[in-house]
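Each chain, written out:
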Amino acid sequence: MVNDVSEWTEMYQQKLTTPEEAVKLVKDGDWVEYGMTTSQPVLLDAALAARKEELKDIKVRETMSLFPRKVVECDPMRDTFTVSNWHMSGYDRKACAQGAMNFSPMCFRNQPSIYRDLLDVDVAMITVASMDGHGYFNFGLCAAATEAMVQKAKKVIVEVNPNMPRCLGGLGEAIHISDVDAIVEAPGIAIPTIPFVAGDEIDAMIAKPIVEAIPDGATLQLGIGGLPNSVGAMIAKSDLKDLGFHTEMLVDAFYLMYKEGRLTNKAKRLNRNKGVYSFALGSQKLYDWIDDNPSLAAFPIDYVNDPAVIGQMDNFISINSCIEVDLFGQVSAESKGPHQISGTGGQLDFTDGAYRSRGGKGIIAMHSTHTDKKSGVTTSNICPTLAQGTTVTDPRSQTCWIATEYGMVNLMGKSTWERAEALISIAHPDFRDELIKKAEEMKIWRYSNKK
Ligand SMILES: CC(=O)SCCNC(=O)CCNC(=O)[C@H](O)C(C)(C)COP(=O)(O)OP(=O)(O)OC[C@H]1O[C@@H](n2cnc3c(N)ncnc32)[C@H](O)[C@@H]1OP(=O)(O)O
Ligand SMILES: CCCC(=O)O
């Protein structure tokens, strides 16, 4: 029998309920999983928080909150809700610093298998797009690990937001109504956006050699943060041709490249003519471009971030950012001491994948210095060693290209003294003598290094 629209509509009405009723599916001791980032539920989060006094020991996992989470705000002492996080936003890192949230380390490519093989998910709550005529709710801007998460969940509640773009997919981009336990509607709630911010003069200096190293027909990945996005915007202004993308995160810079005629995706070896991504975050213009666009394809994160997949594409250029790098080439993109700032995300996945690509380059771009907002003190982002407690995002054995406003060096294959020399050559001049002194003390310098 072929199901028709009226059958799905009837099922929709049967499963449609209020947020307050839907969250009654949560029982004491449950593990609750929120959709990531733009797919985090809003009404369900508020309704769950309202049950604080009657529930016990609820563990909530979430990713990169773009606005305050009611389960965190209502329960700072974590009497009922213990919230952990797969990747920190500005809001999350403040909550984490106050002890109201904990971080869950992972390489992003592993998140689907972590759900499949290791974790319990009692109730999944996700924001989705409106149901289509075939009974499917599109996952919208976050395919990522959503399918694996809902497949593992004992109960699935969807929060239907008609403002959610419909993201056509290669795989794992939708859930069928027959797999959903409860539906709530969230009309009139805006999907979170982040504005595109143009880079500054230093960003332009960092971008110059990177853009020069990109050949026509290259496949690009841009990581999270201001710098990769502004390098992307400069690529949009270049005269490069037939670029493509295969990126974990789809950001405004790709839309700018498309508008400027740089992007065709036609030179890609995999998924030719399609721009591939796993989640998107940016401006409303970006979301309008993505909505129902058959030239773009959302895929699960274990496909997009798989180094073996990335490595099949020639001239794969990956541009990510970091907090600091030590003279051995260890990169931290996620913490300063034990203070969790962000997460590993897909950085190591793409660093490895781009290295495997013929002609590929895995580039970590950063400003050479950082000025602390409170104290006004400026420090070098190239340090002798990482501060105690700092997490290594890319081990030195995997680090390849590091770019600052003073140039771009490749560490792969280099000994420790060569690394120290290369990194100091792109450090801020004010810090070079001190770095040389430390390198000498650590016996990773040689007399002929200093020019
Ligand atoms: C998404 C993909 O496509 S896959 C691969 C990409 N994923 C990754 O690279 C994951 C890890 N990387 C990241 O999360 C980001 O690139 C970051 C955090 C390194 C940089 O992102 P940005 O948004 O440009 O960082 P931003 O400059 O806003 O700094 C974020 C915070 O770190 C702090 N920070 C940044 N650099 C430093 C530094 N050198 N020392 C101390 N603190 C620092 C900032 O002060 C800020 O903290 P605050 O908001 O509490 O004031
Ligand atoms: C949510 C993960 C984002 C990243 O890879 O940085």
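Residues numbered from 1 in each chain as written. Chains lettered and ligands numbered in written order. Predicted model: local features only at pLDDT ≥ 70, side-chain atom pairs only at ≥ 80, totals over all residues. Heavy atoms only, no water.

Per an unreviewed UniProt entry, the chain goes by Probable butyrate:acetyl-CoA coenzyme A-transferase and derives from Megasphaera hominis. The record in UniProt for the chain states the following under Catalytic activity (unreviewed entry): "butanoate + acetyl-CoA = butanoyl-CoA + acetate". You can read under Subcellular location (unreviewed entry) in the UniProt record for the chain the words "Cytoplasm". (UniProt positions renumbered as here; feature names shortened; annotations may be inferred.)

> How should I be thinking about the domain arrangement of the chain in this particular structure?
You'll often see interface size given as the accessible area lost when the parts meet. Parsing the chain into structural domains produces domain 1 (5–185) and domain 2 (201–441). With 30 residues of domain 1 at the interface, the matching set in domain 2 holds 34 residues. When domain 1 packs against domain 2, the two sides together hide about 2,600 Å² of surface, and 64% of this comes from carbon and sulfur. The interface formed by domain 1 and domain 2 holds 3 salt bridges in total. Where Arg 109 meets Asp 349, a salt bridge forms, and the shortest distance between an N and an O atom there is 2.4 Å. Our enumeration of links across domain 1 and domain 2 arrives at 14 residue pairs in polar contact (both at pLDDT 80 or more). Counting residues per element, the ones that place at least two in the side of domain 1 that touches domain 2 are helix 5 (90–97) and helix 6 (111–117). At 3 residues, the largest contribution of residues to the side of domain 1 that touches domain 2 is made by helix 5. Residues belonging to the side of domain 1 that touches domain 2 are distributed by class as follows: 20 nonpolar, 6 polar and 4 charged. (Domains from an automatic or database assignment. Contact = heavy atoms within 4.5 Å. Buried area = accessible area lost by both parts, 1.4 Å probe. Salt bridge = Lys/Arg side-chain N within 4 Å of Asp/Glu carboxyl O. Polar contact = N/O pair within 3.5 Å; in protein donor to acceptor, adjacent residues only side chain to side chain. Helix = DSSP H or I, 4+ residues; strand = E, 2+ residues; numbered from the N terminus. Nonpolar A, V, L, I, M, F, W, Y, C, P; charged D, E, K, R; others polar.)

> Any chance you could explain helix 1 (residues 5–15) here in plain terms?
Within an α-helix, residues lying three or four positions from one another point in the same direction, as the helix has 3.6 residues per turn. Taken together, the buried positions of helix 1 are occupied by Trp 8, Met 11, Tyr 12 and Lys 15. End-on, the buried residues of helix 1 take up no more than an arc of 105°, which puts them together on one face. The exposed residues of helix 1 that point more than 90 degrees off its buried face are Glu 10, Gln 13 and Gln 14. (Buried < 20%, exposed > 50% of the residue type's maximum accessible area, 1.4 Å probe, protein only. Arc of directions from axis to C-beta.)

> Help me understand the site of ligand 1 in this model?
The immediate surroundings of ligand 1 are formed by 25 residues, with Ile 224, Ser 342, Gln 347, Lys 373 and Asn 381 found nearest. The backbone of Ile 323 places a nitrogen or oxygen atom 3.0 Å from a nitrogen atom of ligand 1. Residue Ala 333 places a main-chain N or O atom 3.5 Å away from a nitrogen atom belonging to ligand 1. Alone, ligand 1 offers 1,000 Å² of accessible surface; in the complex the protein occludes 77% of this. Breaking the shell around ligand 1 down by element, the ones donating at least two residues are strand 10 (219–222), strand 11 (244–250) and strand 14 (316–321). Residue composition of the shell around ligand 1, by class: 7 nonpolar, 14 polar and 4 charged. (Near = heavy atom within 4 Å. Areas by Shrake-Rupley, 256 points an atom, 1.4 Å probe, with all protein chains shown as cover.)

> For this particular structure, what's the right way to read the site of ligand 2?
Taken together, Met 36, His 87, Phe 108, Ile 224, Glu 248, Phe 279, Gly 345 and Gly 346 make up all the residues around ligand 2. Within the side chain of His 87, one N or O atom sits 3.4 Å away from an oxygen atom of ligand 2. In the model, an oxygen atom of ligand 2 is placed 2.4 Å from a nitrogen or oxygen of the Glu 248 side chain. When ligand 2 sits alone it has 230 Å² of accessible area, and the protein chains cover 93% of it. Per-class residue counts for the shell around ligand 2 are 4 nonpolar, 3 polar and 1 charged. Taken domain by domain, the makeup of the shell around ligand 2 includes at least three residues from each of domain 1 (5–185) and domain 2 (201–441).

> Sorry if this is basic, but what is going on with the sheet that holds strand 23 (residues 401–404) here?
Strand pairing in a sheet relies on backbone hydrogen bonds, with the paired strands running either antiparallel or parallel. Taken together, 8 strands build an open sheet; the order of strands is 13-12-11-10-14-19-23-24 and the sheet is mixed. This sheet does not close on itself; its edge strands, each paired only once, are strand 13 (296–298) and strand 24 (407–410). Here the strands of the sheet are splayed against their neighbours by 20° on average, with no regard to which way each runs. As judged from the 4 bridges shared by strand 11 and strand 12 (residues 275–280), these two strands associate in the parallel manner. Looking at the pairing, Leu 250 lines up with Ala 280 of strand 12. Sitting on the sheet, helix 14 (residues 347–356) touches strand 10, strand 11, strand 14 and strand 19 (361–365), and the angle it makes with strand 14 is about 150°. (Pairing = 2+ DSSP bridges. Axes fitted to C-alpha atoms, helices over the stretch in contact; angles between N-to-C directions.)

> Would you explain the environment of Met 11 in this entry?
With respect to the helices and strands, the residue Met 11 is situated in helix 1. Put simply, Met 11 and Ser 178 are 167 residues apart on the chain and 8.1 Å apart in space, counted from C-alpha to C-alpha. Excluding its chain neighbours within four sequence positions, the residues that come into contact with Met 11 are Ile 177 and Ser 178.

> Just to check I follow, could you spell out helix 16 (residues 429–441) for this structure?
Buried within helix 16 we find Leu 435, Ile 436 and Ala 439. Buried positions along helix 16 lie against strand 21 (378–380), strand 22 (382–383) and helix 15 (416–425). Once helix 16 ends, the next one or two residues include Lys 443, with phi positive near 60°.

> Sorry if this is basic, but what is going on with the pairing of strand 5 (residues 123–128) here?
In terms of residue burial, strand 5 counts as a mostly covered element, since 6 of its 6 residues are buried. Neither face of strand 5 is left uncovered, since the one carrying Val 123, Met 125 and Thr 127 and the one carrying Ala 124, Ile 126 and Val 128 both have all their residues buried.

> Explain the UniProt feature "binding site: CoA" (unreviewed entry) in the chain here, please?
Listed under "binding site: CoA" (unreviewed entry) in the UniProt record, and renumbered for this structure, are Gly 223, Ile 224, Gly 225, Gly 226, Leu 227, Ile 323 and Gly 346. Here Gly 226 lies in helix 9 (residues 226–236). Note on Gly 226: relative accessible area 53%, which makes it exposed. Along the polypeptide, Gly 346 turns up in the loop between strand 18 (339–340) and helix 14. The contact partners of Gly 346, leaving out residues within four places of it in the chain, are Phe 108, Glu 248 and Asn 305.

> In this structure, what is going on with the sheet that holds strand 5? I would like to understand it.
Sheet architecture is open: 7 strands sit in the order 4-3-2-1-5-7-9, paired in parallel fashion. This sheet does not close on itself; its edge strands, each paired only once, are strand 4 (102–103) and strand 9 (182–185). The pairing of strand 3 (residues 81–85) with strand 4 spans 2 bridges and is parallel. By the bridge assignment, Ser 84 is partnered in strand 4 with Asn 102.

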